[in-house]
Amino acid sequence: DITNAGTFTNTVNTPPLITVSGDITYRSSVTTTLNTNLNAGSVSLESGGFTFSNRTISLSQDDGFWAVLGAPTITQAGTAQVVFTTGVNQQIGGTTAPTFNRLVIDNSNDVTLFVTPVTVSGTLTLTNGRLITGSNTVVISSGGTVSRTNGFVEGNLNKAFPVGTNTHTFEVGT
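Residues numbered from 1 in each chain as written. Predicted model: local features only at pLDDT ≥ 70, side-chain atom pairs only at ≥ 80, totals over all residues. Heavy atoms only, no water.

Asks: I'd like a rundown of the nonpolar core, residues and numbers included.
Replies: Within the largest apolar cluster, 35 residues are counted, with the highest numbers of intra-cluster contacts made by Trp66 and Leu124. In this structure, Trp66 is in contact with Val43, Leu45, Phe52, Ile57, Leu59, Val82, Phe84, Gln91, Ile92, Gly93, Pro98 and Phe100, ignoring residues within four places of it in sequence. (Core = buried A, V, L, I, M, F, W, Y, C linked by side-chain atoms within 4.5 Å. Buried < 20%, exposed > 50% of the residue type's maximum accessible area, 1.4 Å probe, protein only. Contact = heavy atoms within 4.5 Å.)

Asks: Give a description of the packing of aromatic side chains that names residues and reports values.
Replies: Scanning the model with the defined rule gives 4 aromatic pairs in all. For the pair Tyr26 and Phe50, a centre-to-centre distance of 5.3 Å together with 55° between the ring planes defines the contact as tilted. Remark: Phe50 occurs in strand β6 (residues 49-51) and Tyr26 occurs in strand β3 (residues 17-26); sequence separation between them is 24 residues. Accessibility assignment for this pair places Tyr26 and Phe50 in one class, buried. An angle of 55° between the planes, with centres 6.1 Å apart, marks the rings of Phe52 and Trp66 as tilted. Taken together, the residues span a long stretch of sequence, with Phe52 in the loop between β6 and β7 (56-59) and Trp66 in strand β8 (residues 65-68) at a distance of 14 residues. (Phe/Tyr/Trp six-rings, centres within 6.5 Å; stacked < 30°, edge-to-face > 60°. Helix = DSSP H or I, 4+ residues; strand = E, 2+ residues; numbered from the N terminus.)

Asks: I'd like to hear about the side chain of Thr119, residue by residue, with values.
Replies: Counting through the fold element by element, Thr119 comes out in strand β14 (residues 118-128). The residues contacting Thr119, other than those within four sequence positions of it, are Pro98, Thr99, Phe100, Val139 and Ser141.

Asks: Any details on the sheet that holds strand β9 (residues 73-75)? Residues and values, ideally.
Replies: Spatially, the 3 strands line up as an open sheet ordered β4-β6-β9, and their pairing is parallel. Of all strands in the sheet, those with a lone pairing partner are β4 (31-33) and β9, marking the two edges. Sheet twist, expressed as the mean angle between neighbouring strand axes with direction ignored, is 15°. Bridging between β4 and β6 involves 3 bridges; their strand directions are parallel. Counterpart to Thr32 in the pairing with β6 is Phe50. (Pairing = 2+ DSSP bridges. Axes fitted to C-alpha atoms, helices over the stretch in contact; angles between N-to-C directions.)

Asks: Explain the pairing of β8 residue by residue, including any values.
Replies: For strand β5 (residues 37-45) and β8, the ladder comprises 3 bridges, and the chain directions are parallel. Its bridge partner being in β8, Leu45 is matched across the sheet by Val68. Sheet topology note: the β8/strand β11 (residues 90-94) ladder contains 4 bridges and is parallel. Pairing of Ala67 across the sheet is with Gly93, part of β11.

Asks: I'd like a rundown of the pattern of salt bridges, residues and numbers included.
Replies: In the structure shown here, the tally under the stated rule is 4 salt bridges. Here Glu46 and Arg27 are joined by a salt bridge, their closest N and O atoms 2.9 Å apart. Here the residue Glu46 occupies a position in the loop between β5 and β6, and Arg27 occupies one in the loop between β3 and β4, the gap between them amounting to 19 residues. For Glu46, a relative accessible area of 24% puts it in the partly exposed group. One salt bridge in this structure joins Arg130 and Asp110, with 2.5 Å as the shortest N-O distance. Remark: Asp110 occurs in the loop between β12 (99-106) and β13 (111-113) and Arg130 occurs in strand β15 (residues 130-140); sequence separation between them is 20 residues. Of the residues examined, Arg130 reaches a relative accessible area of 27% and is grouped as partly exposed. Residue Asp110 is classed as buried on the basis of its relative accessible area, which comes to 12%. (Salt bridge = Lys/Arg side-chain N within 4 Å of Asp/Glu carboxyl O.)

Below, the structure written as structure tokens:
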């Protein structure tokens, strides 16, 4: 089932773009592959398989969130990324700690974690705004990176560094 609590628009672009004005809840007994980019208010993944390799999912509304509930199988590869852009009170939550291939924070209104740990296996991009962890933690996997322009992590950031690296940067602040 895909439940949409708003409007659904498919725009023929290169690559194509699906725009959902509202929230998407995904639950299935099979695997679904997203073959286009997606712009939505919120995304909840509850069951089944969900693949979005080389695609961008943008979350761009007030109270928008990314939530993993239950035990869905989420596959992200290549340039797959989740981008938080505009809106106030955006969140990463759910009952299951998510792993992102690429996570982009580009929201001057900030994004708050309500689940731990949030793992980034590829690149965490901090363009604008804060990624607020509270008592939760964002983990950059071994081999993962952080790219920072103006944003930063406010709270707990766990990063692995290669042996022999003499310079270490933690993109944190208040």
